[in-house]
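Structural characterization, general
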Amino acid sequence: MATQMFEGRGHAAVYQKYRFAPGKELQQTILAYLQEKKAIPAELVVDVGCGSGQGTHFLAEHFQKVVGTDISEAQIQEARDTSSMPNVSYIVCPAEELPFQDGSVDVLTSFTAAHWFDIGKFMREAERVVRPGGCVAISTYTVDMSLRYGHCSQQLTRVFTECWDQILKYSHNRLKFVLENYKEIFEALPFPDKKRITDIYDKIPMTVEGVVGYMESASPYQTFMKNDPEAAKSLLQETEKRMLETMGVSSRETPVEFWVRHVCVLGCK
């Protein structure tokens, strides 16, 4: 069955504030595939597990009608409260029960969400709703992340990684799908034409505050908070202090490059 995280309004608000949109390399990879398969122009694109809408906004720049779906009412409310383009709408529903007619969807996407779904049921829904010749693009960023700033990039990444490793101790077992680079999700996709790309690297513009906020938004950190709130808060506070000291700056608004590796599963029906 699907796993529900990100449910509370507080978590959804942090998620909306600090989660980043798909990077340029990932965007270009998806758009190039859709163009190759002649899925562009597309009338209806459905973004499943859209959260607070970061990926949905990217899609709205390129397609006629985009619908974001998520099982979390709090996440959908955050998405609706965030200004977006007029061709975007949002629906609360499970990924495994999409309210679309058979063969009515041109492109089905999911950004950093599919590992929470009931994979078998979700793939059957994808098979049902995507039209013949339609495409899917299912992606996630991995735990491979690094920071770059001046001449202290290596030290800064070490500070980040030490904190991140502590947080990942509280990971849900579904992180296995990410750790195996979505191999099982790729194999489950029932489309005859499909491929998996595991080495998409993106530079995400961030600040020190943004990097710490991203870690706060992660589901393992929220689990950590429930188990030991004082230790969880102290870890982020100490990590931010160490990052600023390493960089030789005092402002948490200082820009830093946040590098992530994406994995993307692409398929055409």
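Further up the page is the structure itself.
This write-up is about the structure you can find in this document. (Residues numbered from 1 in each chain as written. Predicted model: local features only at pLDDT ≥ 70, side-chain atom pairs only at ≥ 80, totals over all residues. Heavy atoms only, no water.)

With that settled, consider the packing of helix α9 (residues 208-217) against helix α11 (residues 229-247). Contact geometry of α9 with α11 gives a least axis separation of 10 Å together with a crossing angle of 150°. With respect to each other, α9 and α11 are oriented roughly antiparallel. Remark: the crossing between α9 and α11 carries right-handed chirality. Every residue of α11 that contacts α9 at Val208, Val211, Val212, Met215 and Glu216 is listed here: Leu236, Thr239, Glu240, Met243, Leu244 and Met247. (Axes fitted to C-alpha atoms, helices over the stretch in contact; angles between N-to-C directions. Helix = DSSP H or I, 4+ residues; strand = E, 2+ residues; numbered from the N terminus. Parallel < 35°, antiparallel > 145°, perpendicular 65-115°, else oblique. Left-handed = near helix turned anticlockwise from the far one by under 90°. Contact = heavy atoms within 4.5 Å.)

Moving on, we come to the pairing of strand β7 (residues 255-268). Here β7 lies mainly inside the structure; eleven of its 14 residues are buried. Examined bridge by bridge, strand β5 (residues 130-148) and β7 share eleven bridges and lie antiparallel to one another. Residue pairing across strands places Ser139 opposite Cys264, the latter belonging to β7. (Buried < 20%, exposed > 50% of the residue type's maximum accessible area, 1.4 Å probe, protein only. Pairing = 2+ DSSP bridges.)

Another point: the sheet that holds strand β3 (residues 88-92). Spatial ordering of the open sheet is given by β3-β2-β1-β4-β5-β7-β6, a layout of seven strands whose pairing is mixed. Where the open sheet ends on each side, the last strands, each with one partner, are β3 and β6 (193-207). Between one strand and the next, the sheet's axes are offset by a mean angle of 20°, whatever the strand orientation. Here strand β1 (residues 44-48) runs beside strand β2 (residues 65-70); their pairing, made up of five bridges, is parallel. Note on β2: the bridge partner recorded for Leu44 is Lys65.

What follows deals with the packing of helix α6 (residues 153-168) against α11. One can describe the packing of α6 onto α11 by two numbers: an axis separation of 9 Å at closest approach and a directional angle of 170°. With respect to their mutual orientation, α6 and α11 come out roughly antiparallel. For the pair formed by α6 and α11, the contact residues are Gln155, Leu156, Val159, Glu162, Cys163, Gln166 and Ile167 on the first element and Leu235, Leu236, Thr239, Arg242, Met243, Thr246 and Met247 on the second.

Nonpolar side chains in soluble globular proteins tend to end up buried together. If you look at the biggest cluster of nonpolar residues, it comprises 30 residues, and the most contacted ones within it are Val211, Tyr214, Met215 and Phe258. If you list the elements that add at least two residues to this core, you get β5, α6, β6, α9, α10 (219-227), α11 and β7. Look past the residues within four positions of Phe258 in its chain and what remains in contact with it is Phe20, Met145, Ser146, Leu147, Phe160, Asp202, Lys203, Ile204, Met206, Val211 and Tyr214. Membership of the second largest hydrophobic core comes to 29 residues, among which are Leu108, Val130, Val136 and Ile138. (Core = buried A, V, L, I, M, F, W, Y, C linked by side-chain atoms within 4.5 Å.)

Right, let's get into the pairing of β5. Pairing geometry for strand β4 (residues 105-111) and β5, over six bridges, is parallel. The residue of β5 that forms the bridge with Phe111 is Ser139. In the classification by handedness, the crossover that spans β4, the intervening helix α5 (residues 119-129) and the parallel β5 is right-handed. (Right-handed = clockwise from strand over helix to strand, strands pointing away.)

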